[in-house]
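Observations on the three-dimensional arrangement
Each chain, written out:
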Amino acid sequence: MGKIIAVVNQKGGVGKTTTAVNLTAALTVLGKRMLLCDFDPQANATSGLGLDKRRLEKTVYNTVIDGLPAREAVVSTPYGDVLPASPDLAGAGVELLGMEGPQHALGKALFPLKEGYDGIFIDCPPSLETLTVNALAAADSILVPVQCEYFALEGLSDLMSTLRLVKKRINPRLEIFGVALTMYDGRTHFSAQVAQEVRRYFPGKVFASVIPRNIRLAEAPSHGLPVTVYDKNSRGAAAYRDLAQEVAKRL
């Protein structure tokens, strides 16, 4: 039975969706059966794997709000399967509050899919609200992308507080799967300092593979492709292939 891993960080612009998309694609190449659940109303992970979020008839919104079996909304792509999102998801947080057991809606939708995959990534919104709590309640563990920039550790204490609260009250099995360092600039001493601080903050949890700042990583989503396909020889693609090898071992 596959692991459900929430890719989460309440700060925006840390490479969260980029990490979810490219790990899904790289692990699929390694022969893993992967599903990416896009649980962010921006639906960037959906478009990042080549789907048009404006033309989808069935999405994760229909599974958590309307009770549609998640399997009926899953779309297969060459880079892994996707449970896509759409802008409708923006109102789901409020709608869930009127339902019984609102924090477990996503978990109930994903649980029947676990046997069919080696891993299920949930791309979370950049906030700690109802949708993210749903993802944490559904997940076995979390993967935290942390950018190697100023203020990188700001807010991590809030994330860890939320993690402890969810673990205590909703999901006692929730653990940290790993921490991925992103946007690393090898030309600066500061990136190395931030990386060192993150490793101190999460002892034994930080992946050895570091994701560099790379223009190809920024360009790939506009083409609806993971970077490992858009430019397989780029530094960004090589870094995500290395990271996928580490993730595969932990899976």
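Since the structure is predicted, the reported quantities are computational estimates derived from the model, not experimental observations.

To continue, consider unusual backbone geometry. The phi angle of most residues is negative, glycine excepted, and most peptide bonds adopt the trans form. Although it is not a glycine, Ala43 sits at a positive phi angle of roughly 60°. If you trace the backbone, Ala43 turns up in the loop between β2 (34–38) and α2 (44–48). Positive phi, close to 55°, is recorded for Met183, a residue that is not glycine. Looking at the element boundaries, Met183 is found in the loop between β7 (175–182) and α8 (189–201).

Let us now look at the pairing of strand β5 (residues 119–123). Across the 5 residues of β5, 5 count as buried, placing the element largely inside the fold. The pairing of strand β1 (residues 3–7) with β5 spans 5 bridges and is classified as parallel. Residue pairing across strands places Ile5 opposite Phe121, the latter belonging to β5. Taken together, the 5 bridges between β2 and β5 define a ladder with parallel strand orientation.

A separate point is a nonpolar patch on the surface. Taken together, Tyr150, Phe151 and Phe190 make up a surface patch of nonpolar side chains, about 340 Å² in accessible area. Structurally, Tyr150 is set in the loop between β6 (141–147) and α7 (156–169). Here Tyr150 falls in the exposed class, since its relative accessible area comes to 58%.

Next up on the list: the side chain of Thr19. With respect to the secondary-structure elements, Thr19 resides in helix α1 (residues 16–29). Taking relative accessible area as the criterion, Thr19 reaches 0% and is therefore assigned buried. At a separation of 2.8 Å, a polar atom in the side chain of Thr19 contacts the side chain of Tyr240. Discounting residues that sit within four places of it in the chain, Thr19 has contacts with Leu143, Pro145, Thr182 and Tyr240.

What counts as what
- Numbering of residues starts from 1 in each chain and follows the order in which that chain's sequence is written.
- For a predicted model such as this one, the threshold for reporting local features is a pLDDT of at least 70, and the threshold for listing and counting side-chain atom pairs is 80 or more; totals across whole chains, interfaces and linings nevertheless cover every residue.
- As a rule here, side-chain values come from all non-hydrogen atoms in the structure, and water together with hydrogens is ignored.
- Secondary structure follows DSSP: runs of H or I at least 4 residues long count as helices, runs of E at least 2 residues long count as strands, and numbering of each begins at the N terminus.
- Residue exposure (1.4 Å probe, protein chains only): buried if accessible area is under 20% of the type maximum, exposed if over 50%, otherwise partly exposed.
- Two strands pair if DSSP finds at least two bridges between them.
- Only residues whose relative accessible area exceeds 30% and that take part in no salt bridge are eligible for patches, with like-charged residues grouped when within 9 Å of each other and nonpolar side chains (Val, Leu, Ile, Met, Phe, Trp, Tyr) grouped when within 5 Å.
- Here the Shrake-Rupley method, with its probe set to 1.4 Å, supplies the accessible areas, and only the displayed protein chains count as covering residues.
- We define a salt bridge as a contact between a side-chain nitrogen of Lys or Arg and a carboxyl oxygen of Asp or Glu at a distance within 4 Å.
- Any pair of nitrogen or oxygen atoms within 3.5 Å is treated as a polar contact; in protein, a donor-acceptor pairing is required on top of that, and neighbouring residues in sequence qualify only through side-chain atoms on both sides.
- Two residues form a contact once any of their heavy atoms are found within 4.5 Å.

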